[in-house]
Amino acid sequence: MTIVPSVLEPVSEASDPDACAAMTIVVCNSCRLPSDPLLEPRPGSKLAAAVIAEAAGTGITVKQVGCLGNCKRGLSAAVLRDGCWSYVFGELTPESAEDLIAGARLFATSADGFMPFRARPESLKRGLIARIPSFANLKDLP
Ligand code: FES
């Protein structure tokens, strides 16, 4: 079965704040490291703070949640674009903020509604947990 995504207008410049305005990164601020579950402040909150700092001036919105349901493979974050598939990533670190911003900028350039794979940072290749269609994409699905 082939899943055909909605065809979207490509966003002109991924580094343009207007182009990234459709992008949101959702970070779980409760995630703990499997190797050090008692560490405080929680590494998820460190990642959230780093993503907020890294997103300054990009046009990308950053939101925090208490859990993304990916606790065993945290740290966790999701990258969303209006009208497109959403991506949940795991096995991130407090240092993954730059990769998440790079992934969001890359996704903003996509004309087919998917985050391009090859150009993604490595952490967003090996750490993919799930991708989920938006309601707009459902009309293209069987
Ligand atoms: S605590 Fe972070 S995904 Fe559940």
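Preceding block: the structure.
Keep in mind that what you see is a predicted model, and the values were worked out from it rather than measured.

Peer 1: Sorry, what's going on with the environment of L138 here?
Peer 2: By the secondary structure assignment, L138 is in helix 4 (residues 135–138). Taking the C-beta count within 10 Å as the criterion, L138 has 9 such neighbours and is therefore assigned exposed. Along the backbone, L138 and W85 are 53 residues apart, and their C-alpha atoms lie at a distance of 10.0 Å.

Peer 1: What is the right way to read the sheet that holds strand 2 (residues 61–65) from this model?
Peer 2: Backbone hydrogen bonds are what pair the strands of a sheet, in a parallel or an antiparallel way. Across the sheet, which stays open at both edges, the 5 strands sit in the order 2-1-3-4-5 with mixed pairing between neighbours. The open sheet has two free edges, formed respectively by strand 2 and strand 5 (128–132), since each of these has just one partner strand. Direction aside, neighbouring strands of the sheet carry axes that sit 20 degrees apart on average. Strand direction decides the pairing type here: strand 1 (residues 23–28) and strand 2, joined by 5 bridges, are parallel. Residue pairing for strand 2: I25 is matched across the bridge by V62. Packing against the sheet, helix 1 (residues 43–55) makes contact with strand 1, strand 2 and strand 3 (77–81), and its axis sits at approximately 160 degrees to strand 1. In the packing of helix 2 (residues 97–108) onto the sheet, contacts are made with strand 1 and strand 3, and the angle to strand 3 comes to roughly 20 degrees.

Definitions and cut-offs
- Residues numbered from 1 in each chain as written.
- Predicted model: local features only at pLDDT ≥ 70, side-chain atom pairs only at ≥ 80, totals over all residues.
- Helix = DSSP H or I, 4+ residues; strand = E, 2+ residues; numbered from the N terminus.
- Buried ≥ 20, exposed ≤ 12 C-beta atoms within 10 Å, placed from the backbone.
- Pairing = 2+ DSSP bridges.
- Axes fitted to C-alpha atoms, helices over the stretch in contact; angles between N-to-C directions.
- Contact = placed C-beta atoms within 7 Å.

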